[in-house]
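Structural description and commentary
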Amino acid sequence: MKIAVISPSARSLETMGNYLREDAADRVVVLVEGGMSKLRSVAEQQRPHLVVVEGMGRDVDELGPLEYVTLHYPRMMVVMLCSQHTPEFLINAMRAGIKEVLPAPVTRDALRAAVARLELKLRMVAQPRPQGEVLAFIACKGGSGATFLATNLGYQLAAAGKKVLLIDFNLQFGDAVLYVHDRKPATNLADVARNVQRLDSSFLAASLVHVTPNYGVLAAPEDPGQAMEVRPEHVDALLNLAVAHYDFVIVDVGRILDAVTLRALDKANHIFPVLQMTLPFVRDANRLLAVFRSLGYASEKISLLINRFEKSGELTPADVERTLGVSGLRTIPNSYAAVAGSVNHGTPIAQMAKNNPVTKALDDFAQSLVPHEEAASGWLGRLLKRA
Ligand SMILES: Nc1ncnc2c1ncn2[C@@H]1O[C@H](COP(=O)(O)OP(=O)(O)O)[C@@H](O)[C@H]1O
Ligand SMILES: [Mg+2]
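Owing to the predicted nature of the structure, the values given are computational and were not obtained by experimental measurement. (Residues numbered from 1 in each chain as written. Chains lettered and ligands numbered in written order. Predicted model: local features only at pLDDT ≥ 70, side-chain atom pairs only at ≥ 80, totals over all residues.)

We now examine the site of ligand 1. Among the 19 residues in the neighbourhood of ligand 1, the closest are listed as A139, G145, A146, T147 and F148. Going through the elements one at a time, helix 6 (146-159), strand 12 (305-309) and helix 15 (336-345) are the ones with two or more residues in the shell around ligand 1. A per-element tally of the shell around ligand 1 places helix 15 first, with 4 residues. Here the shell around ligand 1 is built from residues that sort into 10 nonpolar, 8 polar and 1 charged. (Near = placed C-beta within 6 Å. Helix = DSSP H or I, 4+ residues; strand = E, 2+ residues; numbered from the N terminus. Nonpolar A, V, L, I, M, F, W, Y, C, P; charged D, E, K, R; others polar.)

Spatial strand order, 8-9-7-10-6-11-12-13: 8 strands in an open sheet with mixed pairing. In this open sheet, the two strands that pair with only one neighbour each are strand 8 (209-212) and strand 13 (330-333). If you compare each strand with its neighbour and ignore which way they point, the axes differ by 25 degrees on average. Pairing between strand 7 (residues 164-169) and strand 10 (residues 248-253): 6 bridges, direction parallel. Residue V164 lies in a different strand from strand 10, and its bridge partner there is F248. The sheet strands contacting helix 11 (residues 232-245) are strand 6 (133-139), strand 7 and strand 10, and the helix crosses strand 10 at an angle near 150 degrees. (Pairing = 2+ DSSP bridges. Axes fitted to C-alpha atoms, helices over the stretch in contact; angles between N-to-C directions. Contact = placed C-beta atoms within 7 Å.)

The next thing to look at is helix 12 (residues 259-267). For helix 12, the full list of buried residues reads V260, T261, R263, A264 and L265. Here the buried face of helix 12 lies against strand 6, strand 7, helix 11, strand 10 and strand 11 (270-275). (Buried ≥ 20, exposed ≤ 12 C-beta atoms within 10 Å, placed from the backbone.)

With 76 residues, the main nonpolar core has A136, V217, V249, I250 and V251 as its most contacted residues. For this core, the element with the highest residue contribution is helix 6, accounting for 8 residues. With near-sequence residues (within four places) excluded, V251 lies in contact with V134, A136, I167, F169, A264 and A268. Residues I6, M77, V106 and V115 belong to the second largest nonpolar core, which totals 35 residues. (Core = buried A, V, L, I, M, F, W, Y, C linked by C-beta atoms within 7 Å.)

Here we take up the pairing of strand 4 (residues 77-82). Counting buried residues along strand 4, 6 of its 6 residues qualify, which places the element largely inside the surrounding structure. The alternating pattern of strand 4 places M77, V79 and L81 and V78, M80 and C82 on opposite faces, both of which are buried. Bridge count between strand 3 (residues 50-55) and strand 4: 6 bridges; the pairing is parallel. Looking across to strand 4, one finds that V52 is bridged to V79. Once you follow strand 3 into helix 3 (residues 64-72) and on to strand 4, the crossover reads as right-handed. Pairing of strand 4 with strand 5 (residues 100-103) involves 4 bridges; the strand directions are parallel. (Right-handed = clockwise from strand over helix to strand, strands pointing away.)

This next bit is on the environment of V30. If you trace the backbone, V30 turns up in strand 2 (residues 28-33). Excluding its chain neighbours within four sequence positions, the residues that come into contact with V30 are A4, Q46 and P48.

The subject of this paragraph is the domain arrangement of the chain. Accessible area lost when the parts come together is the quantity often used to give the size of an interface. Domain boundaries assigned for the chain yield domain 1 (2-126) and domain 2 (133-369). Each of domain 1 and domain 2 has a C-alpha centre, and the two are 50 Å apart. (Domains from an automatic or database assignment.)

Strand order in the open sheet formed by 5 strands is 2-1-3-4-5, with parallel pairing between adjacent strands. Edge positions in the open sheet fall to strand 2 and strand 5, since each of these has one partner strand only. When the angles between neighbouring strand axes are averaged without regard to direction, this sheet yields 20 degrees. Lying over the sheet, helix 1 (residues 10-23) contacts strand 1 (2-7), strand 2 and strand 3, oriented at roughly 170 degrees with respect to strand 2.

Let's shift gears to the environment of A186. Relative to the assigned elements, A186 resides in the loop between helix 7 (177-180) and helix 8 (189-194). For the pair A186 and A158, spaced 28 residues apart in sequence, the C-alpha separation works out to 22 Å.

Right, let's get into the packing of helix 11 against helix 12. Interaxial distance between helix 11 and helix 12 falls to 8 Å at its minimum, and their mutual angle equals 30 degrees. The pairing of helix 11 with helix 12 is recorded here as roughly parallel in orientation. Regarding helix 11 and helix 12, the two cross each other, and that crossing is right-handed. Within the contact between the two elements, helix 11 uses P232, V235, D236 and L239 and helix 12 uses A259, V260, R263, A264 and K267. (Parallel < 35°, antiparallel > 145°, perpendicular 65-115°, else oblique. Left-handed = near helix turned anticlockwise from the far one by under 90°.)

Now the structure itself:
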């Protein structure tokens, strides 16, 4: 971060320079002797992220350069240090776009705190949160394990440090929340749909069942009557909001390809149809893939998951790949007792059976989805890591 400090006093400049440099070695601090009249040239020549100007704070006419700079460099932040500002000056300075006014001479702590606050703001402007990924799970046939995999993958992604939201779009009889939580939810998707005009991130968060602090589930409507209230445009509103606030948005959709399900599948970055290794599942997988092709979904968008996989089975993944014309199938092993225990208790399998092969397969799956972050560099990168 580059900071310019302007002050009529050479001593004061040196002191502030020291305060700012000792705080972060990678800050570039430029010291300029003068007052508000220097602001414009410093802004134009140095292009700092932040300017600290020391002045009297009495003469409103002094504020011209401030107005010019905030207008022409809207991202540049200006802080004033004033020994005796008048209320009138303060109001005008605020109008002209000053970020903060601190008393002069400024203390080390006050200066450092103000700069830290502004650095954080700058971080938000410079690095808007990347959009989250929407992952859709759909059963090729009822009982494939789509809901079990979706809910538990969510838990394991959250355990890996990601912010995860699961939305249960099984409008009729959806019960995903009960796979990872043992209580009935107070609010659900129908409540959110009904209040869509006041939907924002805090309303959404308040409508979730929080399985862990960074894993929330939006439950399916309570009954088919409520389900009718959920319409495709609600899916858009909800997912557009969700991707701005969560790293992963997992949607568990019903097998009936109605307008709501299709809208959720359209918006998904990735679709995971779940099947098992018997012919009826393979047949339905084939039909589902045909539907996806007719909808124009790219083949990279779809990855079949083979659940309850057993090596001793009659069919092999290679057979399925050949039949369906796909490759690189991911398998999740069969583990009846552990999965039934997890589902019956409403406790994620990773919590109940840490070393179970299903837990491990889901961990692998989660790792494959988490982008390997490139080492953040520079002051902004270090700041991001600290925050
Ligand atoms: N890998 C697995 N091993 C053993 N049983 C499983 C596995 N995955 C799912 N199941 C069982 O299959 C049942 C159906 O799963 P569910 O997720 O409800 O299917 P779907 O959502 O596809 O209809 C669950 O009750 C669970 O006990
Ligand atoms: Mg299901």
